[in-house]
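# Breakdown of the fold
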There are 4 protein chains.
Amino acid sequence: MSADTVLAGLDAIRPDLEAYYRDLHAHPELGHQERRTSARVAERLRAYGYDVSDGIGGTGVVGVLANGDGPCVLFRADMDALPIEERTGLPYASTAVGDDGGPVMHACGHDTHVTALLGAARLMAQAREAWKGTYVALFQPAEEPGDGARGMIDDGLTGRIPKPDVCLAQHVLPYPAGQVLTRPGPALSAADNYRITVYGRSAHGSAPDRGIDPVVMASMLVVRLQTIVSREVGPLTPAVLTVGSIHSGANPNNIPETAEIQLNVRTYEEDVRRRVRDAIVRITRAECAASGALRGPEIERFGAFPATVNDEDTTRRVAAAFSACFGDRAKVLDLQTASEDFSEIPKAFGVPFTYWGFGGTDPELYARAAERGTIATDVPGNHNAAFAPVIQPTLDTGVRAAVVSALAYLGNGAG
Amino acid sequence: MSADTVLAGLDAIRPDLEAYYRDLHAHPELGHQERRTSARVAERLRAYGYDVSDGIGGTGVVGVLANGDGPCVLFRADMDALPIEERTGLPYASTAVGDDGGPVMHACGHDTHVTALLGAARLMAQAREAWKGTYVALFQPAEEPGDGARGMIDDGLTGRIPKPDVCLAQHVLPYPAGQVLTRPGPALSAADNYRITVYGRSAHGSAPDRGIDPVVMASMLVVRLQTIVSREVGPLTPAVLTVGSIHSGANPNNIPETAEIQLNVRTYEEDVRRRVRDAIVRITRAECAASGALRGPEIERFGAFPATVNDEDTTRRVAAAFSACFGDRAKVLDLQTASEDFSEIPKAFGVPFTYWGFGGTDPELYARAAERGTIATDVPGNHNAAFAPVIQPTLDTGVRAAVVSALAYLGNGAG
Amino acid sequence: MSADTVLAGLDAIRPDLEAYYRDLHAHPELGHQERRTSARVAERLRAYGYDVSDGIGGTGVVGVLANGDGPCVLFRADMDALPIEERTGLPYASTAVGDDGGPVMHACGHDTHVTALLGAARLMAQAREAWKGTYVALFQPAEEPGDGARGMIDDGLTGRIPKPDVCLAQHVLPYPAGQVLTRPGPALSAADNYRITVYGRSAHGSAPDRGIDPVVMASMLVVRLQTIVSREVGPLTPAVLTVGSIHSGANPNNIPETAEIQLNVRTYEEDVRRRVRDAIVRITRAECAASGALRGPEIERFGAFPATVNDEDTTRRVAAAFSACFGDRAKVLDLQTASEDFSEIPKAFGVPFTYWGFGGTDPELYARAAERGTIATDVPGNHNAAFAPVIQPTLDTGVRAAVVSALAYLGNGAG
Amino acid sequence: MSADTVLAGLDAIRPDLEAYYRDLHAHPELGHQERRTSARVAERLRAYGYDVSDGIGGTGVVGVLANGDGPCVLFRADMDALPIEERTGLPYASTAVGDDGGPVMHACGHDTHVTALLGAARLMAQAREAWKGTYVALFQPAEEPGDGARGMIDDGLTGRIPKPDVCLAQHVLPYPAGQVLTRPGPALSAADNYRITVYGRSAHGSAPDRGIDPVVMASMLVVRLQTIVSREVGPLTPAVLTVGSIHSGANPNNIPETAEIQLNVRTYEEDVRRRVRDAIVRITRAECAASGALRGPEIERFGAFPATVNDEDTTRRVAAAFSACFGDRAKVLDLQTASEDFSEIPKAFGVPFTYWGFGGTDPELYARAAERGTIATDVPGNHNAAFAPVIQPTLDTGVRAAVVSALAYLGNGAG
């Protein structure tokens, strides 16, 4: 089968990949600052024989390998790191700083994504006889701030590379290394941040009748917003709305002029997302009206991520390929409360996609924690300063998953 | 002085007045049902020489005594009783029933008002040499339901009797018998009742997203209405808003269609009253909007009483006459949270007015309770089934107050 | 295979089953009143050769068919109907009345459950050569009020019949007739009703400082209870809390003494259920404390249903049997917000169970509604006065599902 | 009469007083920094023949003039200014800075208090033949921060000067210059500031079930606190509770650990003050309990002022003296929402007191604003950067009021 042929080259390139990974982990770069990462990726892709476009949306890089008639598969890896000070104790731990001088760490494992995709790209290039079609390896900047995929698209991505038939992506997660986990349908939540400013009228605290109290207005708003999840979203529909900050006033004795709240919403379906957004606007306006506000609220949405809703057929096809390759280490992924901007890319092309997880945790550590029921506390998750995927079988799994998923479309046999 | 001359006749008529009072107390009639009371009042007024109009606004009676050039003073007494079963233990306690067969009791002391005004009317008629002008004795139905004064006005009162220069009225209250108590400016509150129906959309309790929850809507409304008194009315401005009832739904498991609340508002100034009313409407509409109600609320005002705001000059003049007559038993009345429709009458004529209280409680009982700090519990107040004014000096005080207040305008000397 | 052998008898008994169904549909009986239904079931079971115990928990009936060594499978059907006036227009529509004279209707389809189980019981008895073990057909009263299973258990069920190795049950649902739908893990919600009375202190509406306002207390409670779903239950954990009724006070002008709310909670996991219950108690007590209530709240739980959490292995085994029998008409059941007391029975025995749905809607009607996106409005659901399962293939499917699920344990081949 | 004799000296000292006032206005000092003011006051008092104690409670100064047998009257003036940049445009406007380098202004008119008391002290000393007893002129620091009177008492005030029989004080207010305004009973509010910290548990915004949300907790607290004024304080009892600030969290996506609110309460009676305080504590604890907080709230009271409740007899006596001196420019003072620490001094001695206002606004400006109904906006009030009392008749009135009020006790005739 194709997969066996392509993956036969893995043993030979493994030492190089591991070295590459350690170097990348030690040199993380924040979103939009992935200059070193991007340059090295482009250099490698060119060396493997890919037709490379770089500088897309800033630091984005795409390598295209045309290999005869057949489907076109795009595989995306994200490259950016986080402003976190690494506390893994690893020999290759980061001491890097960002452009602002602050600490930077690959605390979300994007270094494993880059490495695995480079490995897959190399193997695909080495075994062109085993498949047919076009393989596109896309390295995206700035997933964490949420505007990296959008930036590549706005920079003309869809006109600069062949249109894929399907898009694929994967993320390392705190599951046992060696596992791959797929989920048809909703997989990751949409996330929307809102900043809401309500306007009262200041007055001395002893004369509330001369003012309009924004502290009461904002408090009633926070209380009322609870009813969106409790009443407006069905009990079987996951959604969460958190007001993460509220600020108004400076001293006990004066009614302030304004109040500001910031909130975050996570949903999994576009109509739920829209329903929640409409409810936020409706409730905010109504609470200002209830207070008799002379000026309407300002409602600003920022930092929005789409939901990641995997195509059913695509997911089934990839999951079948994983079962064939990984056996019972191919699992079903739980619905995640995290968010991603990957899906912007297939949506820009108008093509189906699937996004899956692969484990990065030492399986023994995981098993012990599972036994004790302490996974949440004992297994460091993404964005944690102690997040440290074990190199193997994590990288091998990432490379193999990248290869077999692509071959589910490009291969000449069953994945 | 005029007052001495007019009041000289009191001793002679006192036994008749007391007998009249006991009979009237034993035969109370509900608002709009004061047929016996009205007939006997008219009969007496005619016997005293008054020009009598009866049947005004149903059972209203007015006697006019023209006595030469001079001002015109209108004095009003209310005649109706309450649907309360009397528990005073008095020998002349009521066993009467209303048109609906239920118990009736003069639990608000209107019987003392009627008796005192008849006594004053008789004394004024007997001593015409002591004063000049026109004396109008008005007996009003239906003060308790709040539409008796309005009913007389709507029935043409202002065109049927001479226009007064001033209107006067008094009410027996749980202060020591013998006292008269005046208050310039706001004295009694305006009262407004509201019935508010909010509309949701029913759904099974397990599917709140298919409904619009009127229980939550009404609850938020009750909570929000608290801010009217806490934030929209100044701290030195008396106002109270009570939601006395809330009703929605029949079982735990269904989201109902509607919810209804009833509330009562008391204020003392017309602009405060209007401000509160506007706030109720504003908040109710906004809370329905916040819930996404498909149909706006119904807000019905019913049972409204105006505030009783005594004219400053009129009150000062009457208070001075009381000081001359009653010495240190002439007091300042505390602001009252009760309400009255008397002021509709002077407002219909566009003339000033004052309204005062006179004591009806056994002074010794009152003093003992005051010493113990138990007036609120030991002195039965108006509308209590045990409310039983002592006959004297209550009636004497009521007659004397009615005479000297009128003579402050009609007399030929200082009260 | 066993199933083919047993089901071979279906054609012959179908006319009798359909007649039985029409008669039963026309003679519905409310929970605890299933006297006619119970008697006829017992009569039939005896005729089929079952060892019958009746009168268990009132009208419960159990037939036991011992057929050599092997596992014991218990299959449960519920028998009761609802106090709803039927509006199906069917020739065999109910005109029955309950003991209280009110209308009764098989609006939840328990008549299909009874008929299907009788059919399966008869087929199992006719083809004893095709299986080995013990088959227990249990007909339960009073599922709707939620105390029928408990009543049989309290009446000694576990000591009166053989201990099963597995328990099975099924429910007709508004899916296309012909489908069977299974779901491992949580399938139906737990439901708990609460009646909460809070105690204030009555006072005149103008003197809130002398009272403790239960209208405000209950309203704040309703508002605060929203935070249980919005904040205390995770976004991926289904739960719903509906306050279905609130009642306090009789007129606008008096602060009442008490307020009562009723609420319904649905959850799918025992620890979530407990967490919500604890939160209700905690919040209710705290809101009463916030109001300064002199007397604590009364919190009464009533009408509780357990969650129905299907055993994973059992469900997988039954689902596999269904796939073999029904092909692609064997589906995955969506998580349901309804509740059931069936699981009380296997829990009383300490054995695993699974509960599934089978379709009752005309497939063409369903397909048209699905196309229009109007299933919710055009397909009458359970408890609707127009709920009318098509007789076939509904009954056939119910019988076949009952047979093949039992044979997954008792048969000598793969289902 | 005494007053005529003493006030006869006013014409002669007026130019000096006005010069003193302009100098003092140009050299304001913040509370506890009144070094220059204090030194000059002490110097003058000594020059007038007073027995002077200085440095009491920091910068406090007391002058005692014993003049034979008779009562002892203490008159208090406060000396401190405010951290406000003056915008009066006066030739003698302040350009002073405080110890912290910020602007300082006599924006509350304490300079008129100091000047008027020095004038009265001088006149009293010059006309000892017109009165008998002891006159105590007390100059207090730090009224604005609220701890100046307390500081003098804690520094031994009551043991360092003769015990007065009565204490007097006055304050310039935005009424027409020339008026004096007295009020028996409650006159100025008590003020209490509270800082409340509530404790939640932080969590990611997508996992509210792992946290305890302090934003919701604090918002519910703000909402619940509204019910203190709306429900727990009677409608005729003035009280105001303002939450002037609320702060929690830093970004939309994390549930913070804590929230802090600051609030201010104003009441006029000690039992109301205590009732409100108890309600704040009760409600705060209950709201934390409702949220399931693991740690109770911190409730800190700071910046407390007592209510100023004038002794009835003392006020009547002073008011009568004012009527004799000022005719119809002696008025009744409205209840004020401001607060004062003067009453700490008479309370420390256990003697009665009264505190009144005198006008500082140009009477013509005031009359025009009154006509237009724009007093609130056109007449700059205390603490406003444009607050500029007209020098006369303001100072004359202050001096005369100080003299005649003292002579109501010390004089040999009727005031």
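What counts and what doesn't
- Residues numbered from 1 in each chain as written.
- Chains lettered and ligands numbered in written order.
- Predicted model: local features only at pLDDT ≥ 70, side-chain atom pairs only at ≥ 80, totals over all residues.
- Heavy atoms only, no water.
- Least-squares fit on C-alpha atoms with pLDDT ≥ 70 in both.
- Contact = heavy atoms within 4.5 Å.
- Phe/Tyr/Trp six-rings, centres within 6.5 Å; stacked < 30°, edge-to-face > 60°.
- Buried < 20%, exposed > 50% of the residue type's maximum accessible area, 1.4 Å probe, protein only.
- Helix = DSSP H or I, 4+ residues; strand = E, 2+ residues; numbered from the N terminus.
- Lys NZ or Arg CZ within 6 Å of the ring centre and 35° of its normal.
- Buried area = accessible area lost by both parts, 1.4 Å probe.
- Polar contact = N/O pair within 3.5 Å; in protein donor to acceptor, adjacent residues only side chain to side chain.
- Disulfide = S-S within 2.5 Å.
- Pairing = 2+ DSSP bridges.
- Nonpolar A, V, L, I, M, F, W, Y, C, P; charged D, E, K, R; others polar.
- UniProt positions renumbered as here; feature names shortened; annotations may be inferred.
- Axes fitted to C-alpha atoms, helices over the stretch in contact; angles between N-to-C directions.
- pLDDT = per-residue confidence, 0-100.

Chain A is annotated in an unreviewed UniProt entry as Hippurate hydrolase of Nonomuraea wenchangensis.

With that settled, the discussion passes to the relation of the copies chain C and chain A. Once turned by 179 degrees and shifted 0.1 Å along the axis, chain C lies on chain A with an RMSD of 0.1 Å. Such a combination of turn and shift is consistent with a two-fold rotation axis. Within chain C, C:Ser230 has its C-alpha nearest the rotation axis, a separation of 2.7 Å. In this assembly the copies share their binding face: 100% of the residues contributing to the interface of chain C also contribute to that of chain A.

Bringing the packing of aromatic side chains into the picture now. With the rule as written, the count across this model stands at 28 aromatic pairs over all chains. Their ring planes at 65 degrees and their centres at 6.5 Å tell us that B:Trp131 and B:Tyr135 sit as a pair that is edge-to-face. When its relative accessible area of 2% is taken as the criterion, B:Trp131 is described as buried. Look at B:Phe342 and B:Phe353: their rings are 5.7 Å apart centre to centre, the planes differ by 90 degrees, and that puts the pair in the edge-to-face class. Of the two residues, B:Phe342 sits in the loop between β15 (330-332) and α10 (344-349) while B:Phe353 sits in strand β16 (residues 353-361), which places them 11 residues apart along the sequence. Accessibility assignment for this pair places B:Phe342 and B:Phe353 in one class, buried. Grouping aromatic residues by their ring pairs yields a cluster made of A:Phe75, A:Phe322, A:Phe326 and A:Trp356. Positioned above the aromatic ring of B:Tyr409, the side-chain terminus of B:Arg317 is 4.1 Å from the ring centre.

Our focus in this paragraph is the interface of chain C and chain A. Counting residues at the interface gives 16 residues for chain C and 16 residues for chain A. Where chain C abuts chain A, roughly 1300 Å² becomes buried across the two surfaces, and 66% of that area is made up of carbon and sulfur atoms. A per-residue breakdown of the area chain C buries against chain A is headed by C:Arg231, C:Pro235 and C:Leu236, which together make up 40% of the total. Taken together, the links from chain C to chain A amount to six residue pairs in polar contact (both at pLDDT 80 or more). Among the elements that take part in the side of chain C that touches chain A, helix α7 (residues 214-232) of chain C stands out by supplying six residues, more than any other.

Overall, the coordinates contain zero disulfides over all chains when judged by the stated rule. Cysteine A:Cys167 remains unbridged, with the sulfur of A:Cys72 as its closest cysteine sulfur at 8.2 Å. Judged by its relative accessible area of 0%, A:Cys167 is buried. Cysteine B:Cys288 remains unbridged, with the sulfur of A:Cys288 as its closest cysteine sulfur at 17 Å.

Residue and element names in this part refer to chain B. With seven of its eight residues buried, strand β2 (residues 60-67) lies for the most part within the structure. As judged from the five bridges shared by strand β1 (residues 51-56) and β2, these two strands associate in the antiparallel manner. Within β2, the position partnered with serine 53 by the bridge is valine 62. Taken together, β1 and the strand that follows it, β2, pair antiparallel across an intervening segment of three residues, in which glycine 57 is found at a positive phi of about 65 degrees. Note: β2 against strand β4 (residues 133-140), seven bridges, orientation antiparallel. The residue of β4 that forms the bridge with alanine 66 is threonine 134.

Moving on: the interface of chain A and chain D. With 35 residues of chain A in contact, the opposing surface of chain D contributes 35 residues. Note on chain A versus chain D: buried area summed over both sides is about 2700 Å², and carbon and sulfur give 60% of it. Together, A:Ser206, A:Ile246 and A:Pro252 form the three largest contributors to the area buried by chain A at its contact with chain D, with a combined 21%. Where chain A touches chain D, the interface holds 17 residue pairs in polar contact (both at pLDDT 80 or more). Among the elements of the structure, α7 (214-232), β10 (239-248), β11 (254-255) and β12 (258-267) of chain A are those that each provide at least two residues to the side of chain A that touches chain D. Of all the elements, β10(A) adds the most residues to the side of chain A that touches chain D, at eight residues. Within the side of chain A that touches chain D, the residues separate by chemical class into 15 nonpolar, 18 polar and two charged. The pairing of β10(A) with strand β10 (residues 239-248) of chain D spans three bridges and is classified as antiparallel. Along β10(D), the bridge assignment pairs A:His247 with D:His247.

Quick look at the UniProt feature "binding site: Mn(2+)" (unreviewed entry) in chain A now. Residue and element names in this part refer to chain A. Within this structure's numbering, the places UniProt gives as "binding site: Mn(2+)" (unreviewed entry) are Cys108, His110, Glu144 and His171. The largest pairwise C-alpha distance within this set of annotated residues, which runs over 64 residues, is 12.9 Å, so the set is compact in three dimensions. Mapped onto the secondary structure, histidine 110 falls in helix α4 (residues 110-126). Excluding residues that lie within four positions of it along the chain, histidine 110 makes contacts with Asp78, Met79, Asp80, Glu143, Glu144 and His171. Here glutamate 144 shows up in the loop between β4 (133-140) and α5 (148-154). In this structure, glutamate 144 is in contact with Asp80, Ala81, Leu82, Cys108, His110, Phe305 and His383, ignoring residues within four places of it in sequence. Among the polar contacts listed, one links the side chain of glutamate 144 to the side chain of histidine 110, at a separation of 3.5 Å.

This next bit is on the sheet that holds strand β15 (residues 330-332) of chain C. All names here are of chain C. Read from one edge to the other, the open sheet built from eight strands follows the order β1-β2-β4-β3-β5-β16-β6-β15, with strand pairing classed as mixed. In the strand order of this sheet, the two ends are held by β1 (51-56) and β15, each with one partner. Along the sheet, successive strands turn relative to each other by an average axial angle of 25 degrees, direction set aside. In this sheet, strand β16 (residues 353-361) lies alongside strand β6 (residues 180-182) in antiparallel orientation, the contact comprising two bridges. Opposite valine 180, over in β16, you have phenylalanine 358 as the bridge partner. Where helix α3 (residues 35-48) meets the sheet, it contacts β1, β2 (60-67) and β4 (133-140), and its direction lies at approximately 10 degrees from that of β2. Most of the contacts of helix α4 (residues 110-126) go to β4, to which it runs at about 155 degrees, and overall it touches β2, β3 (72-78), β4, β5 (166-176) and β16.

Residue and element names in this part refer to chain C. By the secondary structure assignment, glutamate 86 is in the loop between β3 and α4. Here the side chain of glutamate 86 touches histidine 25 through a polar contact of 2.7 Å, side chain to side chain. A distance of 2.6 Å separates polar atoms of two side chains, one belonging to glutamate 86 and the other to threonine 88. Filtering out sequence-adjacent residues up to four positions away, glutamate 86 remains in contact with His25, Ala93, Ser94, Met105 and Ala385.

Turning our eyes to something else, we now look at the confidence of the model for chain A. Looking at chain A, pLDDT values average 95 and 99% of them are 70 or higher. Interface predicted TM-score (ipTM) for the complex: 0.84; the corresponding pTM is 0.87.

This part covers the side chain of D:Asp192. Of note, D:Asp192 is situated in strand β8 (residues 190-199). D:Asp192 has contacts with D:Leu263, D:Asn264, D:Val265, D:Arg273, D:Arg301, D:Phe302 and D:Ala304, leaving out every residue within four places of it along the chain.

Below, the discussion takes up the pairing of β10(A). Residue and element names in this part refer to chain A. β10 sits mainly inside the fold: nine of its 10 residues count as buried. Sheet topology note: the β10/β12 ladder contains eight bridges and is antiparallel. Residue pairing across strands places valine 240 opposite arginine 266, the latter belonging to β12.

Glancing now at the UniProt feature "domain: Peptidase M20 dimerisation" (unreviewed entry) in chain A. Within this numbering scheme, the UniProt entry marks residues 193-288 of chain A as carrying the feature "domain: Peptidase M20 dimerisation" (unreviewed entry). Annotated as 40% helix and 32% strand, the span residues 193-288 of chain A places its first and last C-alpha atoms 20 Å apart.

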